[in-house]
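Report on the structure
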Amino acid sequence: MFSLLVIIRNPAITQLGSEQMARTQKNKATSNHLGLLKARLAKMRRELITPKGGSGGGTGEGFDVAKTGDARIGFVGFPSVGKSTLLSNLAGVYSEVAAYEFTTLTTVPGVIRYKGAKIQLLDLPGIIEGAKDGKGRGRQVIAVARTCNLILIVLDVLKPLGHKKLIEHELEGFGIRLNKQPPNIGFKKKDKGGINFTVTCPQSELDGDAVKSILAEYKIHNADITLRSDSTADDLIDVVEGNRVYIPCIYVLNKIDQISIEELDIIYKVPHCVPISAHSRWNFDDLLEKMWDYLHLVRIYTKPKGQLPDYTSPVVLPTEHTAVEDFCLKIHKSLLKELKYALVWGASVKHNPQKVGKDHVMEDEDVIQLVKK
């Protein structure tokens, strides 16, 4: 017990736990032990990165940036990979640029307008290895990254793979899951009845004993668990922890002006990657289009009665919230109380215009006219 307490208060927690897992042979007999170690490690890491109550201090100067616009994109990367240059050339915002490391020390916000949407860009200070364990200002950087709708990991094209793995490891350790969907696991705590474990498909890693040992680490002895896909111990831990965020991510490979055409062809085949030159402004169109695709935004145009639709400033909604009710709430919550019905033109209706209620789900570039009571 004493050794565990020592590990909890020591930022070397990740390394110690990882070494112990690396030493354990992976087979069916040891899978329960590995699952238990992973759960213990996740618990300790949460205690490390969660600020202690009443300690004050806040998030630090320049980190608490107000969320504005329709979406927020964070630029994450090691120092001096070209994040500040990219932001300056995309949004016309001056973020201090120099050839030495750690030029940006606070979050620098900028805004671009693309396809009618107002998108906030954040140039986050350079991440250093060990950020998730509180080194440098990494903890605050990753905390801001958790609030983003999309993360751009900016990499130097001459040394991309090493940096990519390190940044992914830091973000994963802080509960950020990149380009992943939440695990298809049903989890519900209850007061009594023990662990009720059901599976709807074959499992390659988890069984009843493994699930019970992981839940016991969290002092959960009564719960309903349903595995609806082939799940791992990490998936179950993510569901039990309940504080994971699932964010789309684009890998921006900068400085392509320093490589050959053949190398560029290979890079283009890598999933979720966009090669650019921030300094020379090469391939920005491709980057902006990919950013738009990954943000999953829907534009709704408004039409005042007796007038033509306003195509200049759409109301922008996330794909999962495009009902007429969501549209009204985006403008003002009082609008929903006054709504009688809406007239909609576009791909979401069978005939134009169609009279719809507040539950009607709209599609990109629909036109709407609200009729009040």
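Up top is the structure these notes are about.
First things first, this report covers the structure right here in the doc. (Residues numbered from 1 in each chain as written. Predicted model: local features only at pLDDT ≥ 70, side-chain atom pairs only at ≥ 80, totals over all residues. Heavy atoms only, no water.)

**Some remarks on unusual backbone geometry**
With an omega of -10°, the peptide bond between N352 and P353 qualifies as cis. As for its position among the elements, P353 is in the loop between strand 14 (339-345) and strand 15 (354-356). Unlike most non-glycine residues, K219 shows phi in positive territory, near 60°. Relative to the elements of secondary structure, K219 occurs in the loop between helix 7 (208-217) and strand 8 (223-227). Taking relative accessible area as the criterion, K219 reaches 67% and is therefore assigned exposed. Although it is not a glycine, K255 adopts a positive phi angle of roughly 70°. (Helix = DSSP H or I, 4+ residues; strand = E, 2+ residues; numbered from the N terminus. Buried < 20%, exposed > 50% of the residue type's maximum accessible area, 1.4 Å probe, protein only.)

**What about the packing of helix 4 (residues 83-91) against helix 10 (residues 284-295)?**
Viewed as axis vectors pointing N to C, helix 4 and helix 10 meet at an angle of 85°, and their least axial separation amounts to 12 Å. By the angle between their axes, helix 4 is roughly perpendicular relative to helix 10. Packed against helix 4, whose contacting residues are L86, N89 and L90, the element helix 10 presents F284, L287 and L288 at the interface. (Axes fitted to C-alpha atoms, helices over the stretch in contact; angles between N-to-C directions. Parallel < 35°, antiparallel > 145°, perpendicular 65-115°, else oblique. Contact = heavy atoms within 4.5 Å.)

**Things to note about the packing of aromatic side chains**
In total, this model carries 2 aromatic pairs according to the counting rule given. Between Y114 and W292 the ring centres are 6.2 Å apart and the planes differ by 70°, which places this aromatic pair in the edge-to-face class. Of this pair, Y114 sits in strand 2 (residues 108-114) while W292 sits in helix 10, and the two are 178 residues apart along the sequence. Residue Y114 shares its accessibility class with W292, and that shared class is buried. Considering the side-chain rings of Y301 and Y311, the 4.9 Å spacing of their centres and the 70° angle between planes classify their relative orientation as edge-to-face. Of this pair, Y301 sits in strand 12 (residues 297-302) while Y311 sits in strand 13 (residues 310-318), and the two are 10 residues apart along the sequence. For Y301, a relative accessible area of 7% gives the class buried. Stacked on the ring of Y251, the Lys or Arg K164 has its end atom at 4.8 Å from the ring centre. The residue whose ring lies beneath K355 is Y341, and the NZ or CZ to ring-centre distance is 4.4 Å. (Phe/Tyr/Trp six-rings, centres within 6.5 Å; stacked < 30°, edge-to-face > 60°. Lys NZ or Arg CZ within 6 Å of the ring centre and 35° of its normal.)

**Considering the sheet that holds strand 8**
Spatially, 6-8-7 is the arrangement adopted by the 3 strands of the open sheet, whose pairing is mixed. Of all strands in the sheet, those bounded by a partner on one side alone are strand 6 (185-189) and strand 7 (195-199). For this sheet the average axis-to-axis angle between neighbouring strands, irrespective of direction, equals 5°. As defined by bridge partners, strand 7 adjoins strand 8 across 5 bridges and the pair is classed as parallel. Residue N196 lies in a different strand from strand 8, and its bridge partner there is D224. (Pairing = 2+ DSSP bridges.)

**Section: the nonpolar core**
Generally speaking, nonpolar side chains in soluble globular proteins are found buried as a group. Judged by nonpolar contacts, the single largest core of 58 residues is most densely connected at I73, F75, L86, L121, I151, I153 and M291. Broken down by element, this core gets its largest block of residues, 7 residues, from helix 10. Beyond its immediate sequence surroundings of up to four residues, F75 is in contact with K83, L86, L87, L90, L121, L122, D123, L124, L152 and V154. L215, L227, I237 and V239 belong to the second largest nonpolar core, which has 19 residues in total. (Core = buried A, V, L, I, M, F, W, Y, C linked by side-chain atoms within 4.5 Å.)

**Here's the deal with the side chain of K83**
Summarising the element assignment, K83 is placed in helix 4. For K83, the side chain forms a polar contact with the main-chain oxygen of F78, separated by 3.4 Å. (Polar contact = N/O pair within 3.5 Å; in protein donor to acceptor, adjacent residues only side chain to side chain.)

**Digging into the pattern of salt bridges**
In a structure, side chains of opposite charge can pair up when their charged atoms sit close to one another. Under the defined criterion, the tally for this structure stands at 16 salt bridges. For R177, the salt bridge goes to D238, with nearest N and O atoms at 2.9 Å. Here the residue R177 occupies a position in strand 5 (residues 176-178), and D238 occupies one in helix 8 (residues 233-241), the gap between them amounting to 61 residues. In terms of burial, R177 and D238 fall into one category: buried. Measuring nitrogen to oxygen at the nearest pair gives 2.8 Å for the salt bridge that ties K190 to D224. Residue K190 is found in the loop between strand 6 and strand 7, and its partner D224 is found in strand 8; the two are separated by 34 residues along the sequence. (Salt bridge = Lys/Arg side-chain N within 4 Å of Asp/Glu carboxyl O.)

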